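Chain residues, written in single-letter form:
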Amino acid sequence: MEESFKDTEFSEVQENDENKVLAVLNYTIAVNEYEAAFREFQKKYVYPKNYIMTAGFAIILVVYIWQLFKDPSYQIAWFLSIVSLFSIVFMWYNPHKIRKNLIKSIGHIKDDRYTTEISESGIRISVEIAETDETNEDTEIEPTFISYELDNPEIIENNEMFIVYLKKRMFYVIPKRDIDDGKSRILSDVFIEKLGKRYFRK
């Protein structure tokens, strides 16, 4: 990695056409940042469903435990109680397991370099994968363009990052490490204007 490269660099680019680039961000993503982003993703899109399912299984569990107090030989009550209990445990263990396996598999990303362009029409994300023992050279991946209108992304913003989520496809992390409050508000304003209710600020 070149010594002149900053983890996060913000610059404004002026163009005259309707798809002008509003900002260019250069950054790396630490593994702990990716883990934090995935936690936010799960809180927003996974946990609410789990809460509802947990309540349903808890009601079933309570009902059949009550049946067992009245009749301990009631086999169906035993079966459904056990199924409900295991369903609740699995429902909350599975997100933890998925997150743990994901983080274990992306330990290399800390040296990858990202360039993200925020424009009037969407978000363009490029990544240059750092050299490995196998390649001995950096590898540039085909850029990804996310259209505000066609791809319908949702964005979560908190104090540390922006999380760009494409339903059932992928999510992307944009750290705010070295973006000052003024510049961060510029991005927030763009996302509010383009996404409306698909933008969430925590």
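Residues numbered from 1 in each chain as written. Predicted model: local features only at pLDDT ≥ 70, side-chain atom pairs only at ≥ 80, totals over all residues. Heavy atoms only, no water.

**Q** Quick one: what's the story with the layout of surface pockets, residue by residue and with numbers?
**A** When its volume is computed, the largest pocket comes out at roughly 360 Å³. Contributing to the lining of the largest pocket are 19 residues, with Tyr34, Tyr114, Val127, Met170 and Tyr172 lying nearest its centre. Elements supplying a minimum of two residues to the lining of the largest pocket: β4 (122-129), β5 (139-147) and β8 (170-175). Within the lining of the largest pocket, the residues separate by chemical class into 15 nonpolar, 2 polar and 2 charged. (1 Å grid on protein atoms, 1.4 Å probe; cavity = no way out; pocket = protein on both sides within 12 Å on 5 of 7 lines; lining within 4 Å. Points joined across faces, edges and corners; volume = space filled by probe spheres on them. Helix = DSSP H or I, 4+ residues; strand = E, 2+ residues; numbered from the N terminus. Nonpolar A, V, L, I, M, F, W, Y, C, P; charged D, E, K, R; others polar.)

**Q** Describe helix α4 (residues 181-195), listing the residues and the values that go with them.
**A** The end-to-end C-alpha distance of α4, which contains 15 residues, comes to 20 Å, matching closely the 21 Å that a straight helix rising 1.5 Å per residue would cover. Following α4 by one or two positions, Gly196 has its phi on the positive side, about 60°. (Expected span 1.5 Å × (residues − 1).)

**Q** Give a detailed account of the packing of aromatic side chains, specifying residues and quantitative values.
**A** Under the definition given, this model contains 11 aromatic pairs. When the centroid spacing of 5.5 Å and the interplanar angle of 5° are considered together, the rings of Tyr27 and Tyr114 count as stacked. Taken together, the residues span a long stretch of sequence, with Tyr27 in strand β2 (residues 21-27) and Tyr114 in strand β3 (residues 113-119) at a distance of 87 residues. For Tyr27, a relative accessible area of 1% corresponds to the buried category. (Phe/Tyr/Trp six-rings, centres within 6.5 Å; stacked < 30°, edge-to-face > 60°. Buried < 20%, exposed > 50% of the residue type's maximum accessible area, 1.4 Å probe, protein only.)

**Q** Before we move on, could you go through unusual backbone geometry and cite the residues and values that matter?
**A** In this model, Asn152 sits at a positive phi of 50°, which is unusual for a non-glycine residue. With respect to the helices and strands, Asn152 occurs in the loop between β5 and β6 (154-157).

**Q** Account for the sheet that holds β8, with residues named and values stated.
**A** Spatially, β8-β7-β6-β9 is the arrangement adopted by the 4 strands of the open sheet, whose pairing is mixed. One side of each edge strand has no neighbouring strand; the edge strands of this open sheet are β8 and β9 (199-201). The sheet shows a mean angle of 15° between the axes of neighbouring strands, direction not considered. Where β6 lies against strand β7 (residues 161-166), 4 bridges are found, and the strand directions are antiparallel. Pairing of Glu154 across the sheet is with Tyr165, part of β7. (Pairing = 2+ DSSP bridges. Axes fitted to C-alpha atoms, helices over the stretch in contact; angles between N-to-C directions.)

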